[in-house]
Amino acid sequence: MRRKIVVGNWKMNNTIAESETLAAEVLAALGDNFSGCEVGIAPTFLALESAGRIIEGSEVQLVAQNCHYENDGAYTGEVSARMLNAAGCSSVIIGHSERRQYFGETNATVNLRIKKALSEALNVIFCVGETLAERESGVTGSIISSQVREGLEGISDISAIVIAYEPVWAIGTGKTASSAQAEEVHLLIRTLITELYGDAAAQALRIQYGGSVKPSNAAELFAMPNIDGGLIGGASLNAADFAAIVKAASH
Ligand code: PGA
């Protein structure tokens, strides 16, 4: 049985003080109610330390939204995996579609970042997903396959990786993939992982769904056999909604 995993991706929201408040609200809203589900929050780099202090000692994990593929050096504006580890992060999101869309992230740089994060003992949430144009032209399967293959190139052990399937057309748009649409792609990813890493690794791999997950649709999505939790954007900024989504994954 795969343990479900729900992570709140706060994106570029909240000051340090607001992040502390939200982290405390999340803890209060979750209570002790989430056994059976792994939970994380991903504040901005700036708020990692302070939000991390709030959740310290709880089961909630500290997650970063990105990392660079070098340890340090002349990379203005970037933060390295080594720094995230030292700041108390247990995981990092890599290859989010907003990074790919607005910041020039490619499958090749995603691959470098994943390798560096793993080498710094961070768990990785590796995001893949097709755009609306790609879905409409019938290339979803081949886009996802190349993102997975190229993102994992040269990586022999995927036990510290979670894949997040996030159709770009469903992110922040209010349009959720139907549970059947999501399940179809999750199954495709698991089948591909079986081909690349064998059955045991594929069965152990957690595949999160992301894209307009909310309390009203979470339970149906999480009931699908290959959906192992969610990467939550907008709804994670409200502690009650986020806790309701975690609860849906805890059943
Ligand atoms: P959303 O974002 O829940 O606001 O659609 C999900 C994500 O981008 O991780």
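Residues numbered from 1 in each chain as written. Predicted model: local features only at pLDDT ≥ 70, side-chain atom pairs only at ≥ 80, totals over all residues. Heavy atoms only, no water.

Engineer: If you had to explain the overall build of the chain to someone new, which residues and values would you point to?
Structural biologist: If you tally the helices and strands in the chain, you get 11 helices and 8 strands. Taken over the C-alpha trace, the chain has a radius of gyration of 17 Å; the compact-globule value for 251 residues is 18 Å, and the two agree within 12%. Overall size of the chain, expressed as C-alpha extent along the three principal axes, is 45 × 45 × 35 Å. Within the span of the chain, comprising 251 residues, buried residues form 53% of the whole. Contacts in the chain between residues at least 24 apart in sequence constitute 72% of all its contacts with a sequence separation of at least 6. Roughly 10,800 Å² of accessible area belongs to the chain as shown, and the carbon and sulfur atoms make up 53% of that amount. Here the chain holds 18 positive side-chain charges and 28 negative ones, and the gap between their average locations is 2 Å. (Helix = DSSP H or I, 4+ residues; strand = E, 2+ residues; numbered from the N terminus. Rg over C-alpha atoms; globule rule 2.2 N^0.38 Å. Buried < 20%, exposed > 50% of the residue type's maximum accessible area, 1.4 Å probe, protein only. Contact = heavy atoms within 4.5 Å. Areas by Shrake-Rupley, 256 points an atom, 1.4 Å probe, with all protein chains shown as cover. Lys, Arg positive; Asp, Glu negative; His and termini not counted. Charge placed at Lys NZ, Arg CZ, Asp CG, Glu CD.)

Engineer: I'd like a description of the environment of Glu-130, backed by residues and values.
Structural biologist: Locating Glu-130 in the fold gives a position in the loop between strand 5 (123-128) and helix 6 (132-136). As a C-alpha pair, Glu-130 and Ala-235 span 105 residues in sequence and 21 Å in three-dimensional space.

Engineer: Can you break down the pairing of strand 7 (residues 206-210) residue by residue, with the values?
Structural biologist: Here strand 7 lies mainly inside the structure; 5 of its 5 residues are buried. Burial along strand 7 is two-sided: Arg-206, Gln-208 and Gly-210 and Ile-207 and Tyr-209, pointing in opposite directions, are all buried. Bridge count between strand 6 (residues 161-165) and strand 7: 4 bridges; the pairing is parallel. Directly across from Ile-163, in strand 7, lies its bridge partner Ile-207. Two elements, strand 7 and strand 8 (residues 229-232), share 2 bridges in a ladder whose sense is parallel. (Pairing = 2+ DSSP bridges.)

Engineer: Which residues make up the state of the cysteines, and what are the values?
Structural biologist: For the coordinates displayed, the defined rule picks out 0 disulfides. The cysteine Cys-37 is free of any disulfide, with Cys-127 supplying the nearest cysteine sulfur at 17 Å. You can see Cys-89 has no disulfide; the closest cysteine sulfur is in Cys-67, sitting 9.8 Å from it. On the accessibility criterion, Cys-89 (7% relative accessible area) is buried. (Disulfide = S-S within 2.5 Å.)

Engineer: Kindly report on the site of the ligand, identifying the contributing residues and their values.
Structural biologist: Taken together, Asn-9, Lys-11, His-96, Glu-166, Ala-170, Ile-171, Gly-172, Gly-211, Ser-212, Leu-231, Gly-233 and Gly-234 make up the full set of residues adjacent to the ligand. When the ligand sits alone it has 290 Å² of accessible area, and the protein chains cover 95% of it. Looking at the shell around the ligand, its residues break down into 3 nonpolar, 7 polar and 2 charged. (Near = heavy atom within 4 Å. Nonpolar A, V, L, I, M, F, W, Y, C, P; charged D, E, K, R; others polar.)

Engineer: Tell me about the pattern of salt bridges, and name the residues and values.
Structural biologist: What the rule picks out here adds up to 12 salt bridges. We note a salt bridge from Glu-38 to Arg-3, for which the minimum N-O separation is 3.9 Å. With Glu-38 in strand 2 (residues 37-42) and Arg-3 in the segment before strand 1 (4-9), this residue pair connects regions lying 35 residues apart in the sequence. Glu-195 is paired through a salt bridge with Arg-149; the nearest N and O atoms lie 3.0 Å apart. One end of the pair, Glu-195, is in helix 8 (residues 179-197); the other, Arg-149, is in helix 7 (residues 140-151), with 46 residues separating them in the sequence. The structure contains a network of salt bridges with shared partners spanning Glu-78, Arg-99, Glu-105 and Arg-113. (Salt bridge = Lys/Arg side-chain N within 4 Å of Asp/Glu carboxyl O.)

Engineer: Before we move on, could you go through the packing of helix 5 (residues 107-119) against helix 7 and cite the residues and values that matter?
Structural biologist: Contact geometry for helix 5 and helix 7: axes closest at 8 Å, N-to-C directions at 40°. The angle between helix 5 and helix 7 places the two elements in the oblique class. As helix 5 runs across helix 7, the sense of the crossing is right-handed. In this structure, helix 5 contributes Asn-107, Asn-111 and Ile-114 to the contact, and helix 7 contributes Ser-146, Gln-147, Glu-150 and Gly-151. Its residues assigned to classes, the contact of helix 5 with helix 7 shows 1 nonpolar, 5 polar and 1 charged. (Axes fitted to C-alpha atoms, helices over the stretch in contact; angles between N-to-C directions. Parallel < 35°, antiparallel > 145°, perpendicular 65-115°, else oblique. Left-handed = near helix turned anticlockwise from the far one by under 90°.)

Engineer: Go over the sheet that holds strand 6, please, and point to the residues and values.
Structural biologist: With parallel pairing, 8 strands are arranged side by side around a closed barrel as 1-2-3-4-5-6-7-8. Each strand axis lies, on average, 25° off the axis of its neighbour in the sheet, ignoring direction. The pairing of strand 2 with strand 3 (residues 61-64) spans 2 bridges and is parallel. The residue bridging Gly-40 from the neighbouring strand is Gln-61, located in strand 3.

Any functional reading would require information beyond the geometric quantities listed.
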